[in-house]
Structures are given as structure tokens and as C-alpha cells.
Amino acid sequence: MVNVLVVGSGGREHSIGWKLGQSDNVNTVFHAPGNGGTSNNVPISVDDLEALSIFASENDCFTIVGPEAPLAAGIVDVFNEKGLKIFGPTKKAAQLESSKIWAKEFMKRNNISTAAFEVFDDASKAKEYVNGIEHDVVIKADGLAAGKGVIVCNSKTEAEKAIEMILVSKKFGDAGNNIIIEDRIDGVEASYIALSDGKLAIPMATSGKIKLRLLKFSGSLNTKSSNSIDL
């Protein structure tokens, strides 16, 4: 029997803890910090790597990390140094998620197909670039931006606004100190995820994002207001 510490507070971590709790090999599942629907919540922030490692050590936990931020901060490296068992990529490997520029350059070095791209930290040069090409682009903040750092542009005007918002207005803070401008490729987005120990990879089911539109109804069900929210 093993105790498990699930780091995070979102739906991803909630579902991981829920499923682990059904295993005969698991004793107690702790969540740090967890949410209103999880049990055995521990009031430790995902950013407090030292406190998390102390808790895992004192409670003999195998740790699973959900959010990107603690992985990018090096939680796996901290746990490894202390001889604690943890599931997740090291800080260096986590750059595939924490830095879009690092990930794109990694793909380029290893001949992995990806959209053509350029990197900028100067807004005027970035605008000059988009005005000198004929195709639409996608503009991305380099760092973690809670899933909001990618802007699909339909015109040069939209591209210029995106550049201004990220590099000048600092909409995403330091995550937008650098941007990627890449060729826009239209199609179906899908995720292919695998579990790996560095040598072998076990594929999981494919998945994709579905865009929902919530409609606000007023009066009868046959009448709807113009208010809607894109998720």
C-alpha cells in the first residue's frame, strides 16, 4: 500500500486523485492544495516546493504533479535530490511546455514537423515581419500564460494588435517577453499523450478540444438574448 500526494487544484488533479482512490494498492490520496470536491486536502501552495517535499517525506508519499508551473519551477529536481519518488518531467524537460520557443527549437533540431516560425522580443520588428509576408499567422507568448497565450490571427491588423498586447502592454507579464510568430496551419487539433520512463512510451487515448458556446436565455426557450460566452 502506498500514500499518494497529488499536487494541484484543478479538474485534472481531481480526476487523478479520484481514480487513484479506487486502487487496492493505494492507502491514502492527499491533495495539495486540492479543491472543494477533493478529500484529504493539504493547505500547501503548488509553488512551495520545499513544503511539498517535506510533507511527502513525512507521509511517505509517491507524488504526482498536475500543473505546469511547479514542473517548470523544478519540483521533480527538488524531490529527486531528496530521494523522494515523484512522477513528472525534470525542469529541463518541462521546457517543452514552459517555453514555446524552446519547444519549437527542439523540434527544429530534431527534424520534427512543425509550422515555420520566427522569434521576436521587439514589437516594431515583429510588426515589420508580419507586414512583409502574405499568409496569416499565429502569435504565441513564449512562457506559461494559463492557456491564453496563443492568438490565431485572421489579418495583419489582428497580428499587430496581438504583438502590441503581448510585447508592449504585457498582457501575460514576463511570459510575453518574447513571442513566436508562426505560419498559420488550419485543421483539426488533437493531442496524443504517452507515459514514458525515458526509454519506453505507453500511448494513451487521443483527445481534442471542443469549443462550446453558452447561450443566455430570457423568457421562453425559443427566445435567446445576444449574450454568449465562448469557452
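Residues numbered from 1 in each chain as written. Predicted model: local features only at pLDDT ≥ 70, side-chain atom pairs only at ≥ 80, totals over all residues. Heavy atoms only, no water.

A. Just the pattern of salt bridges, in detail. Throughout the structure, instances matching the rule amount to six salt bridges. Glu68 is the salt-bridge partner of Arg12, the closest N and O atoms lying 3.6 Å from each other. In this pair, Arg12 sits in helix α1 (residues 11-20) while Glu68 sits in helix α3 (residues 68-73), placing the two residues 56 residues apart along the sequence. Assessed through its relative accessible area of 31%, Glu68 is described here as partly exposed. Measuring nitrogen to oxygen at the nearest pair gives 2.7 Å for the salt bridge that ties Lys104 to Glu182. With Lys104 in helix α6 (residues 100-109) and Glu182 in strand β8 (residues 179-183), this pair connects stretches of sequence that are 78 residues apart. Glu182 carries the same exposure label as Lys104, and that label is buried. Each of Lys104, Lys140 and Glu182 takes part in salt bridges that share partners, so that together they form one network. (Salt bridge = Lys/Arg side-chain N within 4 Å of Asp/Glu carboxyl O. Helix = DSSP H or I, 4+ residues; strand = E, 2+ residues; numbered from the N terminus. Buried < 20%, exposed > 50% of the residue type's maximum accessible area, 1.4 Å probe, protein only.)

B. The pairing of strand β6 (residues 137-141), seen in detail. For β6, a buried count of five out of five residues is recorded, marking the element as mostly surrounded by other parts of the structure. Neither face of β6 is exposed, since Val137, Ile139 and Ala141 on one face and Val138 and Lys140 on the opposite face are all buried. Across five bridges, β6 lies against β8 in antiparallel orientation. From the neighbouring strand, Lys140 faces β8, where its bridge partner is Ile180. (Pairing = 2+ DSSP bridges.)

C. Region of the structure containing the packing of aromatic side chains. Enumeration over the complete set of coordinates arrives at three aromatic pairs. Between the aromatic rings of Phe120 and Tyr129, the centroid separation amounts to 5.4 Å while the plane-to-plane angle is 40°, which identifies the pairing as tilted. Its relative accessible area of 14% is what places Phe120 among the buried residues. Over the face of the ring belonging to Trp102 we find Arg109, whose NZ or CZ atom lies 5.9 Å from the ring centre. (Phe/Tyr/Trp six-rings, centres within 6.5 Å; stacked < 30°, edge-to-face > 60°. Lys NZ or Arg CZ within 6 Å of the ring centre and 35° of its normal.)

D. Molecular detail of the sheet that holds strand β5 (residues 117-120). Judged by pairing direction, the sheet is antiparallel, and its four strands sit side by side in the order β5-β8-β6-β7 without closing on themselves. Whereas interior strands pair on both sides, the edge strands pair on one side only; in this sheet they are β5 and β7 (150-152). Across the sheet, the axes of successive neighbouring strands diverge by a mean angle of 20°, strand direction being ignored. Two strands pair when backbone bridges link them, and β6 and β7 are joined in this way by three bridges, in the antiparallel orientation. Note that in β7 the partner of Lys140 across the bridge is Val150. Here α6 sits on the sheet in contact with β5, β6, β7 and β8, set at roughly 45° to β8. The strands touched by helix α8 (residues 156-168) within the sheet are β5, β6, β7 and β8, with β6 carrying the most contacts at an inclination of about 5°. (Axes fitted to C-alpha atoms, helices over the stretch in contact; angles between N-to-C directions. Contact = heavy atoms within 4.5 Å.)

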